[in-house]
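These are the residues of each chain, in order.
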Amino acid sequence: MSDGTRIEPYEGPAGGWGSLKSVEGILHREGRLVGGNAILMKQNKPDGFGCVSCAWEKPAVPHTFEYCENGAKATAWEITSKRTTADFFAAHSLAELRGWRDHDLEAHGRLTQPMRWDPETDKYRPVSWDDAFQEIGAELRRLEPDQAVFYVSGRASLEASYMWGLFARLHGTNNLPDSSNMCHESTSVALPESIGVAVGTVSLDDFHHSDCIFFFGQNPGSNSPRMLHPLQEASKRGVPIITFNPLHERGLERFLNPQAPLEMLTGSETRISTQYHQVKAGGDIAAIMGMCKALIEADDAKGGGVLDHDFIAQHTSGFEDFARAARDTEWAEIEQESGLTRKAMEAAARCYAQSKAVIGIYGMGLTQHRRGVENVQMLANLLLLRGNIGKPGAGICPVRGHSNVQGQRTIGITEKPELVPLDRLAEQYNFQPPRSTGLNTVEACQAIIDGSVRAFLALGGNFIRAVPETQAMEDAWPRLRLSVQIATKLNRSHLIPGEVTYLLPCLGRIEIDRQSTGAQGVSIEDSNGQIHPSRGIAEPAGPHLRSEPAIIAGLAKATLPMNARVPWDEWVADYSRIRDAAAETYPDIFVDFNARLRQPGGFPRPRAARERVWKTSTGKANFISPAGLRADPDVPLDREGVLQLITLRSNDQFNTTVYGYEDRFRGVSGTRDVVFVSRNDMVRLGLEEGQAVTLASAAGDGKERQVSGLRVVAYDLPDGCIAAYYPECNRLIPLWHHAERSKVPAAKSVPVHIQPEGRAA
Ligand SMILES: Nc1nc2c(c(=O)[nH]1)N[C@H]1C(S)=C(S)[C@@H](COP(=O)(O)OP(=O)(O)OC[C@H]3O[C@@H](n4cnc5c(=O)[nH]c(N)nc54)[C@H](O)[C@@H]3O)O[C@H]1N2
Ligand SMILES: Nc1nc2c(c(=O)[nH]1)N[C@H]1C(S)=C(S)[C@@H](COP(=O)(O)OP(=O)(O)OC[C@H]3O[C@@H](n4cnc5c(=O)[nH]c(N)nc54)[C@H](O)[C@@H]3O)O[C@H]1N2
Ligand SMILES: [Mo]
């Protein structure tokens, strides 16, 4: 290709020199080569800030460099010297900015002033904080409480999230969707039924004691690179790592630690996966069923000894039904649905059976399917067969996305009232909390499309870009009465206004947050349930920025009737008072919040399943049989030419934030407009490498959905599965194509056709 794009297989490991080059490059581009490195040294340190990228656990005793390539990119992106000022908005209308690429919008730099959209000129104009709060408050008061949605993206701190949830409930609604509705909600529905906790059961320490690790649909090389260190360590101990993924992901194959000088000099990379199974998209229920069948039948044949019968008898319920289902499922069907051979599944099962402490790790490859909940429950079933929950070195490990997405759920951001101690809130703040279930993300989209929601407030995120059915959402948004976006950087959701639209700039977590009693710190909960402090160290991006707690307090005071029990101003002056309030609402989790936050490494949330206490309806861990083997039964694979599209992340993005155009490990450079197709499918469909194609919806619901101008890249994928980047492909996902029980959009199995646009140049 002749336009600066380069597509060639990447031969190196994950990490390595490429990762060091990439960190330096982005500090340079963001104008922070000087000072940036000093800030990185404080990343994930007890006296520093919690990385704003992924949610992977930060060790209590950190390494000298406790950050990775992508964490460094996220930091550079936030502490950039570039600014998007009022002058910028005076020069560009929203119509014009909608023609910009996602990357260019955010790369223009940090937002600096509160802005109100002017419909006459189609431009944002500066406004005072007070005028903004007063008008937003007045608009909200004119609507029914349930006509407003209070969205949160998973970055906001525990303190900001506590205030946001309380604000919404005092206003009278449980419409509190968050980004986890598009992410690990399948986990939050599945695990309480299986093992009685909504989160994973492992800690970093378990990686040192595990003797076998399973990986399902999670890509640590790009999305949780700090995890490569414990994996590398495990691999060096000879621990088998068994991966199920339709794509060959470099971070799951080989790793060279860029922070170990000797390794870098000698180029001694570590092999990560010992077995790599290219399961079909949506084939995991079948693949795990295959392993369970192999284990159960081997146990039957030997009269015991393969399964942990003591554990099963003492701690579980539903084993007999599940075992019968596994015995009754035919290998032919399992092979057909998983795309794997019986031999391969038996090999994985053998390795599992020989291990004493197994960790099962998973990500979006399991949760983002129609039967994402069943996917997760199947993995729990596999672990339960040999008592691999609630003992050292073993457990289930969902890898959460945003740095505090798990914590937000812990502290009250949820549309499900039964997950919040409403009675305690009622007493603490002397009000009647709303009792009816609020809207989750997919339901909020539906309500915006049908007009029943009239106001949308976002604490971070890029909602319109992250959700499915982009076109319908963009068409519906202008009918909203009120759109309020609290953000650090400009994104596409800010360019599609409602009738009254505000863009409110906030401090990021890396910045010093000065309030009247001094600089404030916040806290976050990582993926393994550890709660840490975080303190900003960089100078704020501008004098007009406010912290998220301060903005929430401003909005709440302008919206709600006076309530002497809610000391918004005192909370903003001193965040330890917010933590005291949260400790009163959630004593089981946050008792002595402030004191425990000062302990090295913070403190863990309680996770009963770790102690083999099962808070389920049966009082035991439950084996749960799936309804069928296929995770996306509605994708009409029997129809001519229908393919399953996997939408995924490159190594150069954080969700809708596009840092650049280098997907180093997949060998794609200079472009994101590609679609990965297997060689067999290329031949079958008559496609050539580099050819331009259109993807068109094959959902069969009569709606036209298209993404054009993608180029074909030959890639090692199972036949019938193709892959392309999120968020560009979100317009292909029908809103109804979501996990049946958690409503997580089924972004890993989107039914599409591929249409040639012409021959390659
Ligand atoms: N640098 C960086 N870090 C991030 C993010 C980011 O965008 N950039 N995003 C953050 C967020 S919010 C999240 S939720 C996480 C996401 O992190 P991941 O869970 O790793 O998410 P994805 O990259 O979307 O997809 C994960 C993997 O699933 C595989 N896969 C797809 N379909 C299937 C399937 O049917 N079965 C199996 N077994 N595998 C499948 C894909 O090939 C891919 O390797 O990362 C977080 N961390
Ligand atoms: N097709 C497809 N769709 C997906 C996915 C997929 O795999 N495939 N993944 C889904 C997943 S897992 C997730 S989590 C969602 C993500 O959905 P969101 O969380 O809504 O999106 P992000 O891209 O993370 O949000 C980026 C924006 O957050 C703002 N921001 C950054 N830092 C801060 C801060 O400190 N404070 C505030 N107030 N704002 C800040 C910036 O303005 C930035 O533009 O997308 C989902 N959508
Ligand atoms: Mo996520």
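Residues numbered from 1 in each chain as written. Chains lettered and ligands numbered in written order. Predicted model: local features only at pLDDT ≥ 70, side-chain atom pairs only at ≥ 80, totals over all residues. Heavy atoms only, no water.

1. What to know about the UniProt feature "domain: Molybdopterin dinucleotide-binding" (unreviewed entry) in the protein
1) Next: The UniProt entry lists residues 643-751 under the feature "domain: Molybdopterin dinucleotide-binding" (unreviewed entry), expressed in the numbering used here.
2) Next: As annotated, residues 643-751 has a helix share of 6% and a strand share of 37%, and its two end C-alpha atoms lie 6 Å apart. (UniProt positions renumbered as here; feature names shortened; annotations may be inferred. Helix = DSSP H or I, 4+ residues; strand = E, 2+ residues; numbered from the N terminus.)

2. Overview of the pairing of strand β29 (residues 674-677)
1) Next: Burial of the side chains of β29 extends over both faces: V674 and F676 are buried on one face and V675 and V677 on the other.
2) Next: Judged from the two bridges that link them, β29 and strand β32 (residues 721-725) form a sheet pairing that is antiparallel. Looking across to β32, one finds that F676 is bridged to A723. (Buried < 20%, exposed > 50% of the residue type's maximum accessible area, 1.4 Å probe, protein only. Pairing = 2+ DSSP bridges.)

3. Structural notes on the pattern of salt bridges
Two side chains with opposite charge may pair up if their charged atoms get near one another.
1) Next: Applying the stated rule across the entire model yields 43 salt bridges.
2) Next: In this structure, R409 engages D178 in a salt bridge whose closest nitrogen and oxygen atoms are separated by 3.8 Å. Taken together, the residues R409 in helix α22 (residues 405-410) and D178 in the loop between α8 (158-171) and α9 (185-195) connect sequence positions 231 residues apart. Of the two residues, R409 and D178, both sit in the buried class.
3) Next: A salt bridge links E525 to R605; the nearest nitrogen and oxygen atoms lie 3.1 Å apart. Taken together, the positions of E525 in strand β20 (residues 518-525) and R605 in the loop between β22 (603-604) and β23 (621-622) put the pair 80 residues apart, joining distant regions of the chain.
4) Next: Relative accessible area serves as the criterion here: at 16%, R605 is assigned to the buried category. (Salt bridge = Lys/Arg side-chain N within 4 Å of Asp/Glu carboxyl O.)

4. Let's talk about the site of ligand 1
1) Next: Around ligand 1, a shell composed of 30 residues is seen, among which E249, G282, D284, Q653 and N655 lie nearest.
2) Next: Residue H369 places a side-chain N or O atom 2.8 Å away from an oxygen atom belonging to ligand 1.
3) Next: Residue Q653 places a main-chain N or O atom 2.7 Å away from a nitrogen atom belonging to ligand 1.
4) Next: Protein contacts shield 99% of the accessible area of ligand 1, which totals 920 Å² for the unbound molecule.
5) Next: Where the shell around ligand 1 is concerned, the elements lending two or more residues are α11 (220-223), α20 (364-367), β24 (643-648) and β25 (653-654).
6) Next: Broken down by class, the residue content of the shell around ligand 1 amounts to 11 nonpolar, 15 polar and four charged. (Near = heavy atom within 4 Å. Polar contact = N/O pair within 3.5 Å; in protein donor to acceptor, adjacent residues only side chain to side chain. Areas by Shrake-Rupley, 256 points an atom, 1.4 Å probe, with all protein chains shown as cover. Nonpolar A, V, L, I, M, F, W, Y, C, P; charged D, E, K, R; others polar.)

5. Observations regarding the pairing of β24
1) Next: With six of six residues buried, β24 is to be regarded as a mostly interior element.
2) Next: Side chains L643, L645 and T647 project from β24 onto one buried face, and the interleaved Q644, I646 and L648 project onto a second face that is buried too.
3) Next: Across three bridges, the pairing between β24 and strand β33 (residues 750-756) is antiparallel. When the bridges of β33 are listed, L645 appears paired with V750.
4) Next: As defined by bridge partners, β24 adjoins β32 across five bridges and the pair is classed as parallel. Paired with L648 across the strands is Y725, a residue of β32.

6. Thoughts on the nonpolar core
1) Next: One finds Y162, W164, F167, W568, W571 and F590 to be the most contacted residues of the largest nonpolar core, which totals 63 residues.
2) Next: No other element matches α8, which puts nine residues into this core.
3) Next: Among the nonpolar cores identified, the runner-up in size contains 58 residues, and I195, V373, M378 and W614 belong to it. (Core = buried A, V, L, I, M, F, W, Y, C linked by side-chain atoms within 4.5 Å.)

7. Brief notes about the packing of aromatic side chains
1) Next: Applying the stated criterion to the full structure yields 30 aromatic pairs.
2) Next: Ring centres of F150 and F167 lie 5.2 Å apart, and the angle between their planes is 80 degrees; this geometry places the pair in the edge-to-face category. Note that F150 is positioned in strand β7 (residues 148-152) and F167 in helix α8, a separation of 17 residues in sequence.
3) Next: Judged by relative accessible area, which is 0%, F150 ranks as buried.
4) Next: By relative accessible area, F167 is classed as buried at 0%.
5) Next: A centroid spacing of 6.1 Å and a plane angle of 90 degrees characterise the contact between Y429 and W571, whose relative ring orientation is edge-to-face. You can see Y429 sitting in helix α23 (residues 422-429) and its partner W571 sitting in helix α28 (residues 568-573), a full 142 residues away along the chain. Across this residue pair, the class does not change: Y429 and W571 are buried. (Phe/Tyr/Trp six-rings, centres within 6.5 Å; stacked < 30°, edge-to-face > 60°.)

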